[in-house]
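# Observations on chain architecture
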Amino acid sequence: MGRRTLLATAGWLAAAVLATLIGVAAIRLVGESITGTPGGVRSQAEVERALAAPEPTPAVPSGPAASAPSSPTGGPAATPGQRRSFSTPGGTAVAECVGSEVRLVSWAPAQDYRVKDVDRGPDDDAEVTFTGPAGEFEVNVGCIGGEPVARPGDSD
């Protein structure tokens, strides 16, 4: 009877070791997708550098031969214009003008802040409000001459 118990214990132990090794191999195979963040995490300084880097603006034909491309709804499609970033202690937003209207392209709250409200446009103005330990900070932008500009306060 002692020999059966020894064989059963050895078999159970071998199965446990094999299951553990298979689990560890599967975790290594999957890698960062379980525990990491896709694309990595960027520091605030890296985000600010990326936002400050100038983006190439596409050449837009002008003159009588140029025609506006059409949108799926049949009307003229707006061509995205120049982008500009706006920073507050509560976060950063990037806006672009599309014709005479402004649109928020992206926004990111600073550490310990969150987004309270967003009106991304396109409209006469677009805004995002960040809230956190030091209060609320609003980025309110509009377009002047095809360029995004900051607007003071709430323009509703």
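Reading the values: rules and limits
Residues numbered from 1 in each chain as written. Predicted model: local features only at pLDDT ≥ 70, side-chain atom pairs only at ≥ 80, totals over all residues. Heavy atoms only, no water. Disulfide = S-S within 2.5 Å. Helix = DSSP H or I, 4+ residues; strand = E, 2+ residues; numbered from the N terminus. Buried < 20%, exposed > 50% of the residue type's maximum accessible area, 1.4 Å probe, protein only. Salt bridge = Lys/Arg side-chain N within 4 Å of Asp/Glu carboxyl O. Pairing = 2+ DSSP bridges. Axes fitted to C-alpha atoms, helices over the stretch in contact; angles between N-to-C directions.

### A few points about the state of the cysteines
The final tally for this structure, using the stated rule, is 1 disulfide. In this model, cysteine 97 is linked to cysteine 143 through a disulfide, with the two sulfur atoms separated by 1.9 Å. Handedness of the cysteine 97-cysteine 143 disulfide follows from its S-S torsion of about -115 degrees: it is left-handed. Taken together, the residues span a long stretch of sequence, with cysteine 97 in strand β2 (residues 91-98) and cysteine 143 in strand β6 (residues 135-144) at a distance of 46 residues. You can call cysteine 97 buried: its relative accessible area is 2%.

### Topic: the pattern of salt bridges
Going through the model one piece at a time under the given rule, you end up with 3 salt bridges. Glutamate 96 serves as the salt-bridge partner of arginine 103, at 2.6 Å between the closest nitrogen and oxygen. Residue classification places arginine 103 among the partly exposed residues on the basis of a relative accessible area of 23%. For glutamate 96, a relative accessible area of 2% translates into the label buried. Here the salt bridges share partners, and the residues they tie into one network are Arg83, Glu96 and Arg103.

### A closer look at the sheet that holds strand β5 (residues 126-132)
Read across the sheet, 4 strands follow the order β4-β5-β6-β7 without closing on themselves; strand pairing throughout is antiparallel. Each end of this open sheet is capped by a strand with a single partner; those strands are β4 (114-119) and β7 (147-150). Ignoring which end each strand starts from, the neighbouring axes of this sheet average 20 degrees apart. Examined bridge by bridge, β5 and β6 share 7 bridges and lie antiparallel to one another. Paired with threonine 129 across the bridge in β6 is glutamate 138.

So far we have only geometry, and geometry alone does not tell us how the molecule works.
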